[in-house]
Structures are given as C-alpha cells and as structure tokens.
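Structure at a glance
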Amino acid sequence: MAALALVVLAGGLTAWLVAGAVGPVVFHAHMLEAGLREETPTVLHAEAAFRSASALALTIALGASVLASLAVSVFLTRRIATSLGALAAAVTRISTGEFDARVASPKLGAEFEQLAQAFNDMADRLHDSDALRQRLLADVAHEVRTPVAVINAYLEGVEDGVESLTPQTVAVLRDQGSRLTRLADDLAAVTRAERGDLGLVRHATTARDLVERAYTAALEHFAARGVALDVAIDDDLPSVAVDPDRMGQVLGNLIDNALRHTATGGRVELSAQLSEEGALCLAVTDNGEGIDPSHLPHVFERFYRADTARDRGHGGSGIGLAIVRAIVAYHGGRVSAHSDGRGTGARFEIHLPT
C-alpha cells in the first residue's frame, strides 16, 4: 500500500511541476503570436488568469486523481492481502502436518492463479507422500515383525528345552534371517534407484539380447512350476542404450512377478516390438490372476497390496515393481501395467527410447 501511494504521489507531483513549468510559457508564446505586445496590461492579466486557473484546475484534478487512485490501491491491496493471507494460513497448516489444506482461486490474474494451482498441486503430492509414508512404515513393520517373531519363538523354545538346535531348526532360523536380509537389500535397492545412484554402464544393446538373457535365466524356474514361457521378438528392432545388467534385473522382476501369479499350466509371454511412438516396447504378459483396474495406478508403489494378486502369501516383498519403475525411469523410459480385471491376466510394458 505504501509503495502504491508513493507511485501515485510521485505521479501527481511530477504532473504539477511539468504543467506549472510548461503551461505559462506556451500560453505566453501564443499571446505573442496573436500580435499582442508582451508588457500590455491585457497580456499580463491574461497570463495571471491562466496561471491561477491552471493551478486551481490542476489542484482539483490531481487531488481527485490521487484520491481515486488511492481508493483503487486500497481495494487491490486488500484483495491481494486477503489472498496472500489465505495462502500463508494454508502454508502454516501444511507446515504443521495438515496436508489437506488448500487455497481457493484468488481471481487476480494468471500469475495468482498459477501460484494457487501450484500450491494445491504441491499439497496433493505431500498428502499422497504422507499417506504412502505411513503405509510404508506399517508394511515395513509387518514385514519385519513376522520373521523376528519366528526367530524369537524358536530361540525361546531352544532356551526352554522345548526345541533342540536341529538342522531343521537352523534351516528355519536361516530362512527367516535371509528374509530380513532380502527386505533390507530391496529397500536399499529401490532407494538407490529412486535417488538416481545406480551407476549405470550403458551401451548399445539389442532387444533380442535383453529378451533372450531374461528368458534363459527364468526358464528353469518356469519348468519347475509347470508354467510355459514363450518369446516373441519382432524383426529389425533398433538398439537401445541401456545397462544390460539393470535391464536384466527389471525383466527378471517382471517375469518373477508373472510366475508368482500364474497357476500351473498357465502361460507367460516375453515380447519385444516397436511401439507407435517409435520406442522399444518390452512386455511381459501372463494369463494368471489379473489385477483390478482400480489398483493399476498404484501397483508400482512400495509395498502396495490391494488384493490377493499382490498379497504376502505369494512370497514377494512388495518392492520389486517399485525397483522396476525407478530403474526404467532412470533409463529415460516408462513402465505401465494393464489388466481387464481379476482372472484375465496382466501385461506389464516397458517403453525405452531407441
């Protein structure tokens, strides 16, 4: 408000000084051009009348202008202050953990609209991140609690003499310890991937090489489960600049996920083709349990489980797909999941720039 008032007063003072300096000189020149002598009483009186009338008119006009300008400034200042006050209050709520705070449209122009929209988008992301963090902590606690409970139960049994340290007991304890180790390794891997701290070693790799390596590594597991694993690779596919080991990890995670959710006698297909956008599309398709469409946007989140297709009974830690998304994104690609619902199978696609 002070800045706006200073602008208005500076403008009024400048107008007053310029009019007072220029107006009488121009009027005097016109009197001389009209053929009147410079020192006649008529000319002197006319010039005095002009100066007086000009001063009075300027005073009234500039006074009214200053008052009108200040009134408009007060109105705009209050509107801006109200909008900024609402934004400040929402920021304060966000800072205290109330992530449901939002601001209404200020209707003060494109810049304020962008600011309000950006704040609301940020609040939405913080709300989603907080919900994911809470679910992450709960799921980590659950994942850790089960093996720790088993280990404690067996150790208490050994201490009480109920159990003896037989090879079977050692195997159970070792298995639960390995489960905790895998969980820690998975958490570390997805954190490094999302942070971009993977140290990729990229070089030109063909789609056939990526697919055949993943196929060879998984074939024995599929044969043991009685699930068929097929390969379909289009001809003349372009190469991609990727880290073969990391992409092998991605395809391995997707293939293992498909195997866990496909019953004996089922079929999984690993394919490579060129997408409509010109990207290399690597896909893992199964005819297993499928995923409810409402859960598809969330399947790549850490520990996300919404139905039996992603429950703990299948042996997964719930981090594999999060690692897949992070590694693919670090390669400049994208990954997506598709399914028509339960019992219809699922398809996971990786799109990589060629």
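Residues numbered from 1 in each chain as written. Predicted model: local features only at pLDDT ≥ 70, side-chain atom pairs only at ≥ 80, totals over all residues. Heavy atoms only, no water.

Moving on, we come to the sheet that holds strand β4 (residues 267-274). One open sheet accounts for five strands, arranged β2-β4-β5-β7-β6; its pairing is mixed. Either end of the sheet is taken by a strand with one partner, and the two such strands are β2 (228-233) and β6 (334-338). Mean inter-strand twist for the sheet, computed between neighbouring axes without regard to direction, equals 15 degrees. Where helix α5 (residues 207-225) meets the sheet, its contacts fall on β2, β4 and β5 (280-286), and the angle it forms with β2 comes to roughly 175 degrees. Its contacts with the sheet put helix α6 (residues 244-260) on β4, β5 and β7 (346-352), and the angle it makes with β7 is roughly 170 degrees. (Pairing = 2+ DSSP bridges. Helix = DSSP H or I, 4+ residues; strand = E, 2+ residues; numbered from the N terminus. Axes fitted to C-alpha atoms, helices over the stretch in contact; angles between N-to-C directions. Contact = heavy atoms within 4.5 Å.)

Below, the discussion takes up the pairing of β5. The element β5 is extensively covered by neighbouring structure, given that six of its seven residues are classed as buried. Pairing of β4 with β5 involves seven bridges; the strand directions are antiparallel. Across the sheet, Q273 pairs through a bridge with C281, a residue of β5. Bridging between β5 and β7 involves seven bridges; their strand directions are antiparallel. Within β7, the position partnered with T285 by the bridge is R347. (Buried < 20%, exposed > 50% of the residue type's maximum accessible area, 1.4 Å probe, protein only.)

Next up on the list: the nonpolar core. Ranked by size, the top nonpolar core spans 45 residues in total, and within it F222, V250, L254, L282, F348, I350 and L352 carry the most contacts. Once residues within four sequence positions are removed from consideration, L282 is found in contact with A207, L210, V211, L251, S271, A272, F348, E349, I350 and L352. By size, the runner-up hydrophobic cluster in this structure holds nine residues, among which are L87, A90, F99 and A101. (Core = buried A, V, L, I, M, F, W, Y, C linked by side-chain atoms within 4.5 Å.)

Here we come to the pairing of β7. The element β7 is extensively covered by neighbouring structure, given that six of its seven residues are classed as buried. Relative to β7, β6 runs antiparallel, the two being bridged by five bridges. Its bridge partner lying in β7, A337 is registered against F348.

One non-glycine residue, D236, lies in the positive phi region at around 60 degrees. For D236, the position within the fold is in the loop between β2 and β3 (240-242).

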